[in-house]
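# Descriptive analysis of the structure
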Amino acid sequence: MDKNFQEKFTQITKFKPPLYKQRHQFVKDLVEKYKPKKVADLGCADCRLLWMLKFCSCIEVLAGLDICANVMKEKMHTLSPLPVDYLQPSERSLTITLHHGSVAHKDPCMLGFDLVTCIELIEHLEEPDLKKFPEVVFGFMAPSIVVISTPNSEFNPLLPGVMLYRHPDHKFEWNQAQFQSWALETARCYDYSVEFTGVGHPPTGMEKAGFCTQIGVFIRKYPQTGESVQSEKPTEAVYKTVFKAVYPSLKDEKYLQNAVISEVIFTAQIIKHRLMSKHEEYGNDPERKSKFQPSMDCFSDYLGNLVVEKNMEPFLSGNEVYIPLATIFSFPKVNRLCGTFEKLCKLIAGKVTLSSDGSAVMFSIECENEDD
């Protein structure tokens, strides 16, 4: 490389966005493309990638593995559910687990994943562990997709201060030919195809240097058979679980019931307030009051063009307001949460005050006035 030309580009020290964010975004884009349900991040370190992936709606299981438990423990709290997750449970289920262990060892907890990511991991492996790595990831775990990123040593001359390796813990750094040779041989041995790309573009005129971070995306050619899944399956776990979080989900009957009860009460209150507002418009005129026939027209903002039968109209009887469950079930969110009218009745039974025949939510006007 021409010395003057090299010095011209040694000021390339920052990427926008930062290189680690570009790597993480690459994985996220891949997730959005293939929609995996189970994703494992090997060498998860500070859990930043896992934190980003937990917001991907297709993912139901996230697992992290790292040889350094302390690094995971410092940041694993970021993976815990927040209060809002309990107040507004998601419709999907999500479980996040962190394991302490080596990628050179096999553990049954890592079976069955759709996508496995190894971001800036392999360059930290000693030679014996690097030799075991392909068999563990591609042979044993055998996910549908594997993403491996690693530094491209050909880019190093453009990074000021890099003498040998970019990080003191790196055991090696491959150039493009070395990485591609290793990746192609690994793909051939385990029936995967592999495509090469990267993040961190080289400057104009230095295209031959390649990406700062080189990436291989491995796609399994053939689906796993029952026999291949069971072959060599270890009987004992070798990883230690250091963290596990199960997020509240509407797939859990407990959280679904709470959500339905809240939505039923909220919906019934809206209808009641509109009914009472309509009722007050008639004042105390006995003649007009006797002719009062509340119409569902006043609820059109909520029901849209829904055709409501006569027996679905809310009504007043003495000091009680009755909101038919059939009306409440007509609201889109209640309908979507419950699925069937029978499920609605089951979920609110004993939790919401109903009329004697169980067909309507009931409110007492007297109690409400006393509270006021």
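Residues numbered from 1 in each chain as written. Predicted model: local features only at pLDDT ≥ 70, side-chain atom pairs only at ≥ 80, totals over all residues. Heavy atoms only, no water.

## Focus on unusual backbone geometry
Excluding glycine, residues mostly carry a negative phi; peptide bonds, for their part, are mostly trans. With an omega dihedral of -5 degrees, the bond running from Lys16 to Pro17 counts as a cis peptide bond. Even without being a glycine, Cys47 presents a positive backbone phi close to 70 degrees. With respect to the helices, strands and loops of the structure, Cys47 is situated in the loop between β1 (38–42) and α3 (48–53). Using a relative accessible area of 0% as the deciding quantity, one classes Cys47 as buried. (Helix = DSSP H or I, 4+ residues; strand = E, 2+ residues; numbered from the N terminus. Buried < 20%, exposed > 50% of the residue type's maximum accessible area, 1.4 Å probe, protein only.)

## Some points on helix α14 (residues 341–348)
Those residues of α14 not exposed but buried are Leu344, Leu347 and Ile348. For α14, the angular spread of buried residues about the axis comes to 85 degrees, placing them on one side. Exposed residues on α14 whose side chains face more than 90 degrees from its buried face are Glu342 and Lys346. Immediately downstream of α14, the backbone of Gly350 shows phi near 80 degrees, a positive value. (Arc of directions from axis to C-beta.)

## What about the sheet that holds strand β9 (residues 315–317)?
Sheet architecture is open: three strands sit in the order β9-β10-β11, paired in antiparallel fashion. Every other strand in the sheet has two partners, leaving β9 and β11 (360–364) as the edge strands with one partner each. Neighbouring strand axes in the sheet, compared pairwise and without regard to direction, differ in orientation by 25 degrees on average. Where β9 and strand β10 (residues 320–324) come together, three bridges link them in antiparallel fashion. Residue Ser317 lies in a different strand from β10, and its bridge partner there is Glu320. (Pairing = 2+ DSSP bridges. Axes fitted to C-alpha atoms, helices over the stretch in contact; angles between N-to-C directions.)

## Section: the side chain of Gln22
Following the sequence through the fold, Gln22 ends up in helix α2 (residues 19–34). What Gln22 contacts, discounting residues up to four positions off in sequence, is Phe15, Lys16, Pro17, Val199 and Gly200. (Contact = heavy atoms within 4.5 Å.)

## Details of the sheet that holds strand β8 (residues 240–246)
Reading across the sheet, the eight strands line up as β6-β7-β5-β4-β1-β2-β3-β8 and stay open at both edges, with mixed pairing between neighbours. Because the sheet does not close on itself, it has two edges, and the strands there are β6 (192–199) and β8. Geometrically, the sheet is characterised by an average inter-axis angle of 15 degrees between neighbouring strands, direction not taken into account. Pairing analysis gives eight bridges linking β6 to strand β7 (residues 213–220), with the strands arranged antiparallel. Pairing of Val194 across the sheet is with Phe218, part of β7. Sitting on the sheet, helix α6 (residues 127–141) is in contact with β1, β4 (115–119), β5 (145–151), β6 and β7, with an inclination near 160 degrees to β5.

## What about the state of the cysteines?
Between two cysteines, a covalent bond joining their sulfur atoms is known as a disulfide. Summed over all chains, the structure comprises zero disulfides. Just so you know, Cys56 is unpaired, no disulfide at all, and the nearest cysteine sulfur is the one on Cys58, 5.8 Å from it. In this structure Cys56 comes out as buried when scored by relative accessible area, which is 7%. Here Cys345 stays unpaired: no disulfide links it, and the sulfur of Cys338, its closest cysteine neighbor, is 8.8 Å away. (Disulfide = S-S within 2.5 Å.)

Treat this as a map of the structure, not an account of what it does.
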